[in-house]
Amino acid sequence: MQRLMLLSFFCASVCRDVQPQKENYLPDYNVYHNSTSINTLIEELTDKHTDLIKYHLLLNSHDNAPIHVLRVTNFSHPHKAGDRIKVLIVAGEHARELTPVEVVLQLLQRVARAHGEAASTTNHKLVSWMLESYDLYFFPLANPDGRRRLEEEHNYCWRGNTRGVDLNRNFGWDWGGQGASRDPKDEEYAGIEAFSELESKGLLKIMMEGDFDVFMSLHSGIRQVYTPFGDATSWSTGRQPRFHNIMQQVLETALEVYDRQRHKWPFQAGPAHEVNDYAVSGTSFDYACGVLYVPLCFALELYGEGDGEDNQCFDLFNPPSEKLEETVQIAETMLVSMLKAVQLHWTKDLTTWRRERHTLMPQLFEEMPNESDTGSDYVWVVVFSIGAIVLVVGLLRIHVFSGWQRLIGSSAD
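Reading the values: rules and limits
- Residues numbered from 1 in each chain as written.
- Predicted model: local features only at pLDDT ≥ 70, side-chain atom pairs only at ≥ 80, totals over all residues.
- Heavy atoms only, no water.
- Buried < 20%, exposed > 50% of the residue type's maximum accessible area, 1.4 Å probe, protein only.
- Helix = DSSP H or I, 4+ residues; strand = E, 2+ residues; numbered from the N terminus.
- Pairing = 2+ DSSP bridges.
- Phe/Tyr/Trp six-rings, centres within 6.5 Å; stacked < 30°, edge-to-face > 60°.
- Core = buried A, V, L, I, M, F, W, Y, C linked by side-chain atoms within 4.5 Å.
- Contact = heavy atoms within 4.5 Å.
- Polar contact = N/O pair within 3.5 Å; in protein donor to acceptor, adjacent residues only side chain to side chain.
- Expected span 1.5 Å × (residues − 1).
- Axes fitted to C-alpha atoms, helices over the stretch in contact; angles between N-to-C directions.

Caption draft 1: Quick look at the pairing of strand 6 (residues 222-227). Extensive coverage of strand 6 is indicated by the burial of 6 of its 6 residues. Burial along strand 6 is two-sided: the residues I222, Q224 and Y226 and R223, V225 and T227 are all buried. Across 5 bridges, strand 6 lies against strand 8 (residues 296-303) in antiparallel orientation. Following the sheet pairing, R223 is matched in strand 8 by L302.

Have a look at this one:
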């Protein structure tokens, strides 16, 4: 039986080297978007389609690159906003996973394209349903620094941000536990503490202030969808989130909807601690569900067949350029199937939970990391390290000096 390794959202016991490798194929950036064309496309969409796509917030990375947070809904009917299901969709946490970013960009372009289409077209009907039913928020590229480093160094194994931190191990749910690393050279490096990175702090800010009903983290490496939790405690005990049963119903319905259209490219689905034979910690979707009480949380692996002996890095997570369009269409079908299933299984309990969880939020806001502290943690580590070295050297000098005094004194005697 082939062992399926989720090397994107998850990582098996032996992770890949993040150093450049000889790739089986590389992206054609006339087909794939690079960092520059991603920003250009987003700016064009938000400029030309303000009634459908708007900036919600513009964050900054460690290297001061823009992190776009977009809101997509029918702004011409603002009175219906409170009735729509509020969804946060995050792509590009891992630099080497280009495919999820392309899926989000394609979905944004689909929305823009519907604006000028006849109401009878299939695309217009789909987009109209989506925007009337949902209030969608997107991180098209959550890790711009890591992506830029990948492109500049032609290192398609690079996973982390500019400091090598795996952003999907940097969240405060079982941070630093099994399935993460404290070693800065490891590709699953969790950082020196939870939320040590500007990128994860920015995502946390949106998650906390957004009052979301659904959280989706998009990845690639295999075709699977799973629900929380994935940490070691949940893996060993079978711990489940509050709305576990509804999430499983959503998965079952989504697979049925998807299979009617794309049965040649099947997905597997289930709780993370059942789908995988290993645990991870510090993930964004565990944190969203376990700490922020987002009722429905999912991680979607949108492309791949799992690791194999012949895989390098780029081909493990991304298709050849000539197959990108088909791959994105398949992945988009799964994403839309999930949205349809969420709507079908939305219940009064979930609507009531919107109000109930607010009683738990004030304490979380008090504990929220300060964005201005980013980088100061590393500064203090350096300061204390230098101080320790100075202290040790000083003690050694005192010890040596005292030894010489005793030696001179004994010689004089």
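Caption draft 2: Quick look at unusual backbone geometry. In this structure, F229 follows P228 across a cis peptide bond, with omega equal to 5 degrees. One non-glycine residue, N64, lies in the positive phi region at around 70 degrees. Structurally, N64 can be placed in the loop between strand 1 (53-60) and strand 2 (66-72). Notably, H154 is not glycine yet its phi reads approximately 55 degrees, a positive angle.

Caption draft 3: Structural view of the packing of aromatic side chains. Tallying each qualifying case throughout the model produces 13 aromatic pairs. With 5.3 Å between their ring centres and 80 degrees between their planes, Y156 and F314 make a pair best called edge-to-face. With Y156 in the loop between helix 4 (144-153) and helix 5 (198-210) and F314 in helix 10 (residues 314-317), the pair connects residues that are 158 residues apart, well separated along the chain. Across the pair, exposure class does not vary: Y156 and F314 are buried alike.

Caption draft 4: Representation of the nonpolar core in the model. Counting residues in each nonpolar core, the largest one holds 96 residues, and the members touching the most others are L88, F139, M216, L296, F298 and M338. Filtering out sequence-adjacent residues up to four positions away, M216 remains in contact with L88, I89, V90, F298, L300, L335, M338 and L339.

Caption draft 5: How the structure looks around the environment of D286. Along the chain, the position of D286 falls in helix 9 (residues 284-290). Residues D286 and A299, spaced 13 residues apart in sequence, show a C-alpha to C-alpha distance of 9.5 Å. In contact with D286, not counting residues within four places along its chain, are W173, P228, F229, G230, D231 and V291. From its side chain, D286 meets the backbone nitrogen of G230 in a polar contact 3.0 Å long.

Caption draft 6: Representation of helix 3 (residues 122-133). When the terminal C-alpha atoms of helix 3 are compared, their 17 Å separation across 12 residues agrees well with the 16 Å that a helix rising 1.5 Å per residue should span. If you check which residues of helix 3 are buried, you get N123, H124, L126, V127, M130, L131 and S133. Buried residues along helix 3 sit against strand 2, strand 3 (85-90), helix 2 (98-114), strand 4 (134-139) and helix 11 (324-344).

Caption draft 7: Spotlight on the side chain of H33. Within the secondary structure, H33 sits in the segment before helix 1 (35-48). Judged by its relative accessible area of 16%, H33 falls in the buried class. In contact with H33, not counting residues within four places along its chain, are I38, L41, E102, L105 and R147.

Caption draft 8: Region of the structure containing the sheet that holds strand 5 (residues 214-219). Spatial strand order, 1-2-4-3-5-8-6-7: 8 strands in an open sheet with mixed pairing. The sheet is open, and its two borders are formed by strand 1 and strand 7 (268-271), each paired with just one other strand. The average undirected angle you get between the axes of adjacent strands in this sheet is 20 degrees. Helix 1 contacts strand 1 and strand 2 of the sheet and is inclined by roughly 140 degrees relative to strand 1.

Caption draft 9: Structural view of the pairing of strand 3. For strand 3, a buried count of 5 out of 6 residues is recorded, marking the element as mostly surrounded by other parts of the structure. By the bridge criterion, 6 bridges tie strand 3 to strand 4 in an arrangement that is parallel. Looking across to strand 4, one finds that L88 is bridged to Y137.

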